[in-house]
Amino acid sequence: MARLTGTAATRPVVIIGAGIQGCATAFFLSQRGQPVIVLEKDHVGRHASGVNAGGVRRLGRDIAEIPLSVASMDWWNQIDQLLDIDEGFHRQFYVKVALDDAGADLASRRIQQLHRAGFQHETWVDRDQLLCRIPHLTKSVLGGVLVEGDGWALPWKITRAFYDKAAALGAEFRSPVTVTSIDKSGEHWQVKTDAGMIETDIVVNCAGAWGAQIAKMTGDILPIEAHAPMLVITDRQPMFLQSVVGVMGGTLSFKQLDNGSMVIGGGKRGVADAARNLTQIIPAGLSSFVMTAGRVFPHLRDVAILRAWAGIEGYTKDNLPIIGNGSQAGIIHGFGFSAHGFQLGPAVGEALADLVMARQTRVNLTPFSPHRFAVSPDQAAGH
Amino acid sequence: MANQHFQIVIIGAGPAGMAAALTTTKAGLETIVIDDQKDSGGQVYRNLQANQETSPAYLGQSYYDGAKLAQSFADCGAVYRPDCTVWQITDMHEVALVSRGKAELITADYIIIATGAIERPMPVKGWTLPGVMSVGGAQTLLKQAALGADNAVFVGSGPLLYLTAWQYIKAGLAVRAVIDITSAQQWRSAIPFAPLALLQPDMLAMGRKWLGDIRRNTEVINHVSAVEIIGQSQAQTVSCTLSSGDKIDIDSNHIFLHQGVVPNVNLTMATALAHQWDYQAHCWRPVIDVTGKSSDEQIYIAGDGGGIGGAKAAAIAGRLAASAIVARCGMPRFLAQLYYKLRHLHYLSIRPFLDRLYFPHAHFRLAQTDETIICRCEAVSKADVNSALASGASGPNQLKAFCRAGMGRCQGRSCGLVVQEMIASHTGQSMAETGYYRLRPPVKPITLAELASLEGPWPD
Amino acid sequence: MFKSTMPENGRIVHLQFDGEAITAFDGDNLAAALLRAGKVQFRTAAKNDPRGPYCMMGVCFECLVEIDGRPNQQACQMTVHDGMIIQRQNAPDSAGKASG
C-alpha cells in the first residue's frame, strides 16, 4: 500500500493543477519537506483560482462546509506571514442583505438553522445598523446576515503567492504540461503527460473543472460540470465600501478594491467550453445581474464596466467539493469547488497534505467524500 | 423587448462599411449600419459631408474622392445608426450595442466588421504630456473642427504623417519641423518592392508631392534614433538624438507622433475570431479568406480592420465581402467578385513596398528609457513592466496580473503591441508565439445602467 | 495654441470649464472646443500625471472629463451644448495605489 507515513518519501508527489488548491497543497507539503511536482496544463492561476470574485467568507456556506471554512479562516488571518506578502487578506465584514420579505424570511431561517447546529458566526443586523455601516445601500433594505472578520483578497495574487512560496520551499512546477493518462505500475503510478512520464506513489488531483477527466484516468467516476460564472470590474470610484456585500437568496457579491474599482460577481453563468479554455459572456445574463446590483447600490448607475469575464469552474451535483482518497491507493482528490473554493484553499491544501502523509485531518472530510458518487460500471459507461 | 433582426449588420461607416452597404442594399438585403461617430466616413472621410460645403482645399483631393461614396451611402436605403457603440458580438451573432444610454441586441444573418485601424503606439518619454497627440488626432482636428496648431512638430514616419504635415502647410499653418525616423536600412529593404508600387503611380506621385512640399516649407530632420518630450504640465520641448550622436532640441507645445496604423482588433479578438501575426506589417490581423470571411462562417471583415490597405482598398474590400454574402444569399456575383478581387489586389500592390519602407523601427517599437509610460491608462512604466518580467510573467495575460498593464479603459489599444514586443524581446519568443492580451467584452466601457437597460430601467 | 484654419462662424454657445467661462460654436466637438480655448490638460491620471486628448477618435480614453456631473466622458466623442459644465477629472484616478 503506497502511503507516506509522516516522513518524507523519496519519490515526489505529483499534484495535477496549479490553482489555489494545487498550489496550497504544494506549499504545505513543501513546508513539511515532501518533494512535489505540480503539473499545470496552462499556467498558475489561469482558471477559476485566478479570476474569481475573491470573496473570503464563512458567510452563506453549506453547513457541511462550515468547519472547513472556519479552519481556513485561521490561515487567512495570518496569510501575510505565511506567504511573505503584504495586505493579502482584506479583513472587513461580509453581509448578505435582505431586499424583501422573502429575503428576510430566508435570513431568519438560516440563522436559526446555524444556531441549532452550534454555529454563531452569522448574525442578523437590522436596517438601521446596516445603513449606518454601509450608507450607500438602498434605503429599501430590510436588514442582513453578517459575519465580522470575513472579507476579500485578490485571487491571482494569493494563488501566485502560494506558488511562489511553495517553489521557494522546493516544489517543482511544470507548465504547460497536460496529463494524458495515469496508469498503475505495480505499487506505483505512472503519470503520462505531453512532456514525458513521471513515476510516483501519490497523485493529488486538483484539476478543477478538469478534475473529472483526471479522476477517470485513475478509475474514479466523479461527475462534475463545467460552468462559467460571470463577473465584471468597473472604473475606479471614490471609496465607499469597506465590506463585501451579497444578496440573501442569491449569489451576487460586491467588493471595492484599494484602487476604487468595484468587482461585482456571482450572479449569472456565461458559457463554458472547458476543452478549449473558452468562455462566453451572455449579454442578457450580464444585464440581469447588473440590474440586481442596481437594486443594492442604486448610486452606481453611471459607473462604467471596463471588463466582463467568466472563469471555468467545476461544479458537483450537490455543490459540495470532492476532497478525499480515491478508490485506489495513492490517489487523492481535491476538486469540484463549485465556485466557492477560494476561501477554502488554505485549509484544503493543509488537508490534502495531511491525506498525502496519512495524518489525521484537522477537519472531518466525510461530507466531501469521493465515494458519495459511487456508481456501478453500467452507469459509468455513460460518462 | 424583442430584438431587431437584420440580414446584414455592418459595424463601421467608413469606406469599407459604406461600400458594403451599397452592395447589400442593391441586392435587396435588409441592412443596418452601426457606427460610433455622429457622421459617416470613419476616420479617413471624417466630416466629409460637412466639409464639402466649405471645401477647405488643404484637405487634398484624395479626401474629397470619398464624397461620391458618402452620398451614395446616404441614399442607399440601409438603416443607419450613428452614435452607437457596439460592445459585444456573441457566438449567436447577436450584436450588443449602446445608443443614447440604452442597450440593444440586434441579431444578424451576416455581420461585416469594418472597424478600421488605430495608430501603432509610439512610446517615447513624455508622450503622455498634454499637447502631445497622435498625427491621426491632429488630422481629425483639422477635418472635424478646422483646427490646427502653429509651431507644431511632427515626429515619426509613414504616409499619414507626411499627408497631415502637408495638409498643415497647405492650410497656412507654420510647421516647426518634421522629425523623420525612417532609416536608410528601411529604404534598402523596400526598394526591391518598388516595381510593385509602380502599379500605383498616382499614390507614389502623391507621396513625392507631400515630401517635396514638406521639404520646401519646414525643417526636416532625418536619421533620428531617439526622441524625448520634455515638459511639466504640458509638452515644451522635443529632444531628438541623431544617429551621429548629436542632439537637437526644438521648443514646441504641440508634438504629433506617428509610426503607422494597425488593424483595430479589439472587437474581432473579443469575438474569439482567429487572428494571426502579420510579419510584413508587424501587427495582428484577423484570419480571413480572400473575400474577407473570418473563422466564423457568418462574420466577414472588410477594410483596414482586416489588414491595412488604405481607403480605396477598404471600399473594394467592403464590396467584395458584401458580394460574397449576396452570393451566399442565392444571388451569384461571379463577375463582380472577380473584378473586386482584382481591384483589391491592385490597391494592395503597394503594401510590400510601404510596409518595408515604414516598418516600425526597433528604437521606437520599444521604449528607450525606464521612465517612459508603457500603459497610459494605468501609468505603468517601462521599468514596471521589466520588473514584472523579472518576477516571472511569461505572457501578456500574466503580465496584466503582475503590473496592471492592459487593465485600463482602453483595453490595451495603447499598450498592447509594446507590451508584446517587450515580452518577446525578454523571452526570446517570436511575436506570434508571445501572443496578445485576452480581450473580453465590453470592447468599450458601458455603464451599469446602460447594461441593465436590456432588462429594464435602473432601480431608484 | 490651436487656431481655426477656416473662417469661424456659427451660433456661439457658452460653456464652463473648471469654473472658467469659455465660448464655443454650436455643434462643436467638445475636445476641439476646449483645445481652441487653449485648454490642453483635461485631467490627471494615476500618479497625478497631467493628461489631455491624444487620439481624437475614442480609443485612447485620455480626454476624460466630467460633463454636467457625469464622470468619465470622452470629450472627443461629445458635442457641446449651451450651458455645458465641464470639470477636469482628477480624483479618484490619481488617488489610491496599484493593486496586485
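The structure we're discussing is the one just above.
Enquirer: Describe in detail the overall build of chain A, supporting the description with residues and values.
Expert: For chain A, the helix and strand inventory stands at 11 helices and 20 strands. A compact globule built from 383 residues should have a C-alpha radius of gyration of about 21 Å, and chain A, at 21 Å, falls within 12% of that. Across its three principal directions, the C-alpha atoms of chain A cover 65 × 45 × 40 Å. Considering chain A as a whole, with its 383 residues, one finds that 63% of them fall into the buried category. Within chain A, residue pairs in contact and separated by at least 24 positions form 72% of the contacts whose partners lie at least 6 positions apart. By element, 51% of the accessible surface of chain A is carried by carbon and sulfur atoms, the whole surface being about 14,000 Å². Counting 35 positive and 35 negative side-chain charges, chain A places the averaged centre of each group 2 Å from the other.

Enquirer: Just give me the short version of the overall build of chain C, but keep the residues and values in it.
Expert: Regarding its fold elements, chain C presents one helix and eight strands. When its helices and strands are written in sequence order, chain C yields β-β-β-α-β-β-β-β-β. Its C-alpha radius of gyration of 14 Å places chain C within 12% of the 13 Å reference for a compact globule of 100 residues. Projected onto its principal axes, the C-alpha positions of chain C cover 50 × 25 × 20 Å. The 100 residues of chain C split such that 56% are buried. Sequence separation of 24 or more characterises 45% of the internal contacts of chain C that already satisfy a separation of 6 or more.

Enquirer: Give a detailed account of the interface of chain C and chain B, specifying residues and quantitative values.
Expert: Every contact between the two is made by 39 residues of chain C and, on the other side, 53 residues of chain B. Here chain C packs against chain B, burying approximately 3,700 Å² in sum over the two surfaces, 56% of which is carbon and sulfur. Taking the shortest distance from any N to any O, the salt bridge between Lys3(C) and Asp150(B) comes out at 2.4 Å. In this structure, the connection of chain C to chain B is made through 13 residue pairs in polar contact (both at pLDDT 80 or more).

Enquirer: Can you tell me about helix α7 (residues 155-168) of chain A, naming the residues and giving the values?
Expert: All names here are of chain A. Over its 14 residues, α7 extends 20 Å from the first C-alpha to the last, a length consistent with the 20 Å expected when each residue adds 1.5 Å. Among the 14 residues in α7, 10 count as buried, and that is most of the element. Those residues of α7 not exposed but buried are Pro155, Trp156, Lys157, Ile158, Thr159, Arg160, Ala161, Phe162, Tyr163 and Ala166. At the exit of α7 stands Gly170, carrying a positive phi of roughly 115 degrees.

Enquirer: Help me get a handle on a nonpolar patch on the surface, residues and values and all.
Expert: A surface patch of nonpolar side chains, about 320 Å² in accessible area, is lined by Leu338(B), Leu342(B) and Leu345(B). Of note, Leu338(B) is situated in helix α12 (residues 334-348).

Enquirer: Give me the pairing of strand β2 (residues 36-39) of chain A: which residues, what numbers.
Expert: Residues and elements named next belong to chain A. Burial along β2 is two-sided: the face carrying Val36 and Val38 and the face carrying Ile37 and Leu39 are both buried. Where strand β1 (residues 13-16) lies against β2, four bridges are found, and the strand directions are parallel. Opposite Val14, over in β2, you have Ile37 as the bridge partner. In this view, the connection linking β1 to its parallel neighbour β2 by way of helix α1 (residues 20-31) has right-handed handedness. Relative to strand β7 (residues 172-174), β2 runs parallel, the two being bridged by three bridges. Each bridged residue has a counterpart across the sheet, and for Ile37 the counterpart in β7 is Glu172.

Enquirer: Which residues make up the packing of aromatic side chains, and what values do they have?
Expert: Within this structure, the stated rule accounts for 22 aromatic pairs over all chains. Ring centres 5.8 Å apart and planes at 55 degrees place the aromatic pair Tyr162(B) and Tyr358(B) in the tilted group. Here Tyr162(B) is found in helix α6 (residues 159-170), whereas its partner Tyr358(B) is found in the loop between α13 (351-357) and α14 (362-365), with 196 residues between them in sequence. Comparing Tyr162(B) with Tyr358(B) shows no difference in burial state: the two are buried. Between Trp277(B) and Trp284(B) the ring centres are 5.2 Å apart and the planes differ by 75 degrees, which places this aromatic pair in the edge-to-face class. Summarising the burial analysis for this pair, Trp277(B) and Trp284(B) share the class buried. Taken together, the aromatic side chains of Phe27(A), Phe28(A), Trp75(A) and Phe162(A) make up a single cluster linked through ring pairs. In this structure, Arg269(A) is placed above the aromatic ring of Tyr315(A), and the distance from its NZ or CZ to the ring centre is 4.3 Å. It is Arg356(B) that lies over the ring of Phe193(B); its NZ or CZ is 3.8 Å from the centre.

Enquirer: Which residues make up the packing of helix α15 (residues 382-390) of chain B against helix α16 (residues 396-403) of chain B, and what are the values?
Expert: Residues and elements named next belong to chain B. Closest axis-to-axis distance for the α15/α16 pair is 9 Å, and the angle between their directions is 110 degrees. With respect to their mutual orientation, α15 and α16 come out roughly perpendicular. The handedness of the crossing between α15 and α16 comes out as right-handed. Every residue of α16 that contacts α15 at Asp384, Val385, Ala388 and Leu389 is listed here: Leu399, Phe402 and Cys403.

Enquirer: Let's hear about the side chain of Ser414(B): which residues, and what values?
Expert: Positionally, Ser414(B) belongs in the loop between α16 and α17 (416-427). In this structure Ser414(B) touches Pro121(B), Trp127(B), Ile374(B), Arg376(B) and Cys60(C), once residues within four positions along its chain are discounted.

Enquirer: Lay out α12(B) with the relevant residues and their values.
Expert: All names here are of chain B. Relative to the 21 Å expected for 15 residues at 1.5 Å per residue, α12 spans 21 Å between its end C-alpha atoms, a close match to the ideal helical length. Three or more residues of α12 are buried, namely Gln337, Tyr340, His344 and Tyr347. One side of α12 holds all its buried residues, which, seen down the axis, span an arc of 90 degrees. More than 90 degrees from the buried face of α12, the exposed residues found are Phe334, Leu335, Leu342 and Leu345. The elements touched by buried residues of α12 are α1 (15-26) and α11 (311-328).

About the thresholds
For every chain, the first residue of its written sequence is number 1, and the numbers climb from 1 along that sequence. All chains are assigned letters beginning with A, and all ligands numbers beginning with 1, in the order in which they are written. Per-residue local features of the predicted model are confined to residues with pLDDT of at least 70, and side-chain atom pairs are confined, for both listing and counting, to 80 or more; whole-chain, interface and lining totals are unaffected and use all residues. To get the side-chain values, take all heavy atoms of the structure and skip hydrogens and water. The way it works is that DSSP assigns letters per residue, a run of H or I at least four long becomes a helix, a run of E at least two long becomes a strand, and they are numbered from the N terminus. A radius of gyration in this sense is built from C-alpha atoms; the matching globule rule multiplies 2.2 Å by the number of residues raised to 0.38. Here's how the labels work: a residue is buried when its accessible area is under 20% of the maximum for its type, exposed when over 50%, partly exposed in between, all with a 1.4 Å probe on protein chains only. Any two residues having at least one pair of non-hydrogen atoms within 4.5 Å are treated as being in contact. Surface exposure here means Shrake-Rupley accessible area, sampled with a 1.4 Å probe, where a residue is shielded only by the protein chains that are shown. In this tally, Lys and Arg are treated as positive and Asp and Glu as negative; His is ignored, and so are the chain termini. Note on charges: their place is set at NZ of Lys, CZ of Arg, CG of Asp or CD of Glu. Buried area adds together the accessible area that both of two parts lose upon being put together, with accessible area traced by a 1.4 Å probe. By definition here, a salt bridge exists when the distance from a side-chain nitrogen of Lys or Arg to a carboxyl oxygen of Asp or Glu is within 4 Å. Each polar contact in these results corresponds to two N or O atoms within 3.5 Å; when the atoms are within protein, one needs to be able to donate a hydrogen and the other to accept it, and residues that are neighboring in sequence are counted only if both atoms are side-chain atoms. One less than the residue count of a helix, multiplied by 1.5 Å, gives the span that helix is expected to have. Excluding any residue in a salt bridge, patches collect residues exceeding 30% relative accessible area, merging like charges within 9 Å and nonpolar Val, Leu, Ile, Met, Phe, Trp and Tyr side chains within 5 Å. In short, DSSP must find at least two bridges between two strands for them to pair. Look down the strands so they point away from you; if going from the first strand over the helix to the second traces a clockwise path, that crossover is right-handed. For this analysis, a ring pair means two rings from Phe, Tyr or Trp (six-membered ring only for Trp) whose centres lie within 6.5 Å, classed as stacked if their planes differ by under 30 degrees, edge-to-face if by over 60, and tilted for the remaining angles. Look at NZ for Lys and CZ for Arg. If either is within 6 Å of the ring centre and within 35 degrees of the ring normal, a charge sits over the ring. For helices, the fitted line uses only the C-alpha atoms of the stretch in contact; every axis is such a line through C-alpha atoms, and the angle between N-to-C directions lies from 0 to 180 degrees. An angle below 35 degrees is read as roughly parallel, one above 145 as roughly antiparallel, one from 65 to 115 as roughly perpendicular, and any other as oblique. By definition, any crossing whose near helix is turned counterclockwise from its far helix by less than a right angle is left-handed, and any crossing with a clockwise turn is right-handed. This arc describes the spread of directions from the helix axis toward the C-beta atoms.

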